[in-house]
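For reference, the chains in residue letters:
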Amino acid sequence: MTLAVAVGAAAVPGAAPAAPREPDRAEANAPAPDRDTRRDGSPRPHPSPSRTADGVPAAVGVRLLDAPVNRRDDTRAHKYIVDHVNPGTTIRRRIVVENASKVRRDVDVYPAAAEVTDKGFVYAPGRTENELSSWIRVDRTRVDLGPDDETTVWVTIRVPERAEAGERYAVVWAETAGGDGRMVKQVARAGIRVYLSVGPGGEPPSGFEIAPLAGGRDPDGTPVVTAEVHNTGRRALDLAGELWLADGPGGLSAGPVRAEAATLPLDGRTTVRVALDRRLPDGPWQARLHLASGWTKRTVTGEISFGAAPAAVTKADRSRLVLTSGAAGSLVILLLFGLYTYRRRMRQPVPVG
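Here the structure is a predicted model, which means the values were calculated and not measured.

Conventions and cut-offs
- Counting restarts for each chain, with residues numbered from 1 along the sequence as it is written.
- It should be noted that, the model being predicted, local features are given only for residues of pLDDT at least 70 and side-chain atom pairs only at 80 or more, the latter also being counted only at that level, while totals for whole chains, interfaces and linings use all residues.
- Hydrogens and water are ignored here; the side-chain numbers use all heavy atoms of the structure.
- Two strands pair if DSSP finds at least two bridges between them.
- Counting from the N terminus, the helices are the DSSP runs of H or I reaching at least four residues and the strands are the DSSP runs of E reaching at least two.
- All axes are obtained by fitting lines to C-alpha atoms, using only the stretch in contact for helices, and the reported angles, taken between N-to-C directions, cover 0 to 180 degrees.
- Buried, partly exposed and exposed residues are distinguished by accessible area as a fraction of the type maximum, computed with a 1.4 Å probe on protein chains only: under 20%, between the cut-offs, and over 50%, respectively.
- Under this definition, polar contacts are N or O atom pairs within 3.5 Å; protein pairs additionally need one hydrogen-donor-capable and one acceptor-capable atom, and for neighbouring residues in sequence, both atoms have to be side-chain atoms.
- By the convention used here, residues are in contact when the closest approach between their heavy atoms is within 4.5 Å.
- Only centres within 6.5 Å qualify two rings of Phe, Tyr or Trp (six-membered ring in Trp) as a pair; their planes then separate them into stacked at under 30 degrees, edge-to-face at over 60, and tilted for everything else.
- Our definition puts a charge over a ring when NZ of Lys or CZ of Arg is within 6 Å of the ring centre and also within 35 degrees of the ring normal.
- Salt bridge, as used here: a side-chain nitrogen of Lys or Arg that lies within 4 Å of a carboxyl oxygen of Asp or Glu.
- Take the buried Ala, Val, Leu, Ile, Met, Phe, Trp, Tyr and Cys residues and link them wherever side-chain atoms come within 4.5 Å; each set so joined is a nonpolar core.

Peer 1: Please explain the sheet that holds strand S17 (residues 254-260) as it appears in this structure.
Peer 2: Sheet strands line up and pair through hydrogen bonds in the backbone, either parallel or antiparallel. Strand order across the open sheet formed by four strands is S17-S16-S19-S20, with antiparallel pairing between neighbours. The strands lining the two open edges of the sheet, one partner per strand, are S17 and strand S20 (296-304). On average, adjacent strands in this sheet sit at an angle of 20° to one another, irrespective of strand direction. Sheet topology note: the strand S16 (residues 240-246)/S17 ladder contains five bridges and is antiparallel.

This is how it looks when you write it as structure tokens:
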């Protein structure tokens, strides 16, 4: 069995580094940093003697270190814990928790519930538990970190032997708290999403369809490109990609422009909407939209136009409209009064001499 080993870390069976380390991170066999300097050699701020120093904003960061070997090319697995396992399987991942504030902090680490709805990936309040979060354990539930300090925490997921097939969602949170110097408590937390598919055999397929592209303009004249996306697979999707425009008026082109959408549930639909520079002319344009969720990728092309920018009604225009309407109303009233007077005169008896 081939194992991939993260730089400067212990081997994890079936796991590979989630992402290349940042240039300022310590490499294997590098000398240990001095207590007064960061790992990149820059001066390390001295921690405050108070762990809950008032007036210092609380801040925390978290990132994933490991991904399954068979998901090296799955971009989602480099940010989130994404996997498919059989019932009875145990998996382990490492996350890095960082104190991003300027004073020493205690940081709580814990799993909590989440779900995927039409609104996207939805986090449950507080420490609400669901089935998946009850399977998750962290080796340290609280870590004591100095300013700009970080540590590694192991996350273990034990799937019961009798777990039913299906995809489940949760979050592993890192949370810290501080004060504003008065009566307000500040809470900061950052999390790693967990998408875990359980079932015998291979992983359920992922798939989606993209409807034809459409162009238009917002009321303020901003050109937009939209496309409806339908999740046709059996796993939730995190869609992201890019839009290109070519062969526009005068040979103009634009892009790539970032395109993304909220997490899409099974059989869910959403509209991907890409706003562009207001200076772009109407068209026509040749548009190409590329979207991906992990390994699953789709591309759609088509000719679009944005249409003329909506005519803005100015304040002066509205005033003229009011004046014109008022004048017309007055004229109608005068005509009705004149007709009424004329008819009364016609009905009066004519004296005979």
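Now that the structure has been shown, we can carry on.
Peer 1: Please explain unusual backbone geometry as it appears in this structure.
Peer 2: Trans is the prevailing form of peptide bonds, just as negative phi is the prevailing case for residues other than glycine. Residue Pro 256 is bonded to the preceding Gly 255 through a cis peptide linkage, with omega at 5°. Note on placement: Pro 256 falls in strand S17. Here the amide bond leading from Gly 283 into Pro 284 is cis, since omega sits at 10°, within 30 degrees of zero. The backbone of Asp 247 sits at a positive phi, close to 55°, despite the residue not being glycine. In this fold, Asp 247 is placed in the loop between S16 and S17. Overall, Asp 247 belongs to the exposed group, its relative accessible area being 59%. Unlike most non-glycine residues, Asp 267 shows phi in positive territory, near 65°.

Peer 1: Explanation requested: the side chain of Arg 71 in the structure shown.
Peer 2: With respect to the helices, strands and loops of the structure, Arg 71 is situated in the loop between strand S3 (66-68) and strand S4 (81-85). At 3.3 Å, the side chain of Arg 71 and the backbone oxygen of Val 82 are in polar contact. Separated by 2.5 Å, the side chains of Arg 71 and Glu 203 make a polar contact. Arg 71 has contacts with Ala 77, His 78, Val 82, Asp 83, His 84, Glu 203, Arg 235 and Trp 295, leaving out every residue within four places of it along the chain.

Peer 1: Is there a simple way to think about the environment of Leu 252 in this case?
Peer 2: For Leu 252, the position within the fold is in the loop between S16 and S17. Its relative accessible area of 41% is what places Leu 252 among the partly exposed residues. Leu 252 sits 31 residues away from Gly 283 along the chain, and the two C-alpha atoms are 9.5 Å apart. Once residues within four sequence positions are removed from consideration, Leu 252 is found in contact with Ala 246, Asp 247, Pro 281 and Trp 285.

Peer 1: Teacher, can you tell me more about the packing of aromatic side chains here?
Peer 2: For any pair of aromatic rings, the description consists of the separation of the ring centres together with the inter-plane angle of the planes. All told, the structure shown has six aromatic pairs when counted by the stated rule. Ring geometry for Tyr 80 and Tyr 195: centres 5.7 Å apart, planes at 40°, overall tilted. Taken together, the residues Tyr 80 in the loop between S3 and S4 and Tyr 195 in strand S12 (residues 185-198) connect sequence positions 115 residues apart. Assessed through its relative accessible area of 0%, Tyr 195 is described here as buried. An aromatic cluster of at least three residues, connected via ring pairs, comprises Tyr 80, Phe 121, Tyr 123, Tyr 169, Trp 173 and Tyr 195. Over the ring of Tyr 110 we find Arg 127, and its NZ or CZ is 4.0 Å from the ring centre. The aromatic ring of Trp 173 is capped on one face by Arg 189, whose charged end is 3.7 Å from the ring centroid.

Peer 1: Please explain the pattern of salt bridges as it appears in this structure.
Peer 2: Two side chains carrying opposite charge are able to pair once their charged atoms lie near each other. Applying the stated rule across the entire model yields 17 salt bridges. Between Arg 279 and Asp 277 there is a salt bridge, with the nearest N and O atoms lying 2.8 Å from each other. Overall, Asp 277 belongs to the partly exposed group, its relative accessible area being 36%. Three or more residues are tied together by salt bridges with common partners; here these are Arg 71, Asp 74, Glu 167, Glu 203 and Arg 235.

Peer 1: Please explain the sheet that holds strand S10 (residues 150-158) as it appears in this structure.
Peer 2: Strand order in this open sheet of four strands is S2-S5-S10-S8, and the pairing throughout is antiparallel. Both edges of this open sheet fall to strand S2 (60-64) and strand S8 (136-138), since each of them pairs with a single strand only. Going from strand to strand, the sheet's axes swing by 30° on average, the running direction of each strand aside. As paired strands, strand S5 (residues 90-99) and S10 are joined by nine bridges and run antiparallel to one another. Across the sheet, the residue bridging to Ile 95 is Val 153, located in S10.

Peer 1: What is the right way to look at the environment of Ala 174 in this model?
Peer 2: Here Ala 174 shows up in strand S11 (residues 166-179). With 16 residues separating them in the primary sequence, Ala 174 and Ala 190 have C-alpha atoms 5.4 Å apart. Discounting chain neighbours no more than four positions away, the residues touching Ala 174 are Val 60, Val 62, Val 97, Val 107, Asp 108, Ala 188, Arg 189 and Ala 190.

Peer 1: What is the right way to read the nonpolar core from this model?
Peer 2: Formed by 31 residues in total, the largest nonpolar core has its most connected members in Ile 95, Val 97, Ile 157, Val 194 and Leu 196. Ranked by residues supplied to this core, first place goes to S12 with six residues. Counting 23 residues, the second largest nonpolar core, distinct from the first, contains Leu 237, Leu 239, Ala 259 and Leu 289.

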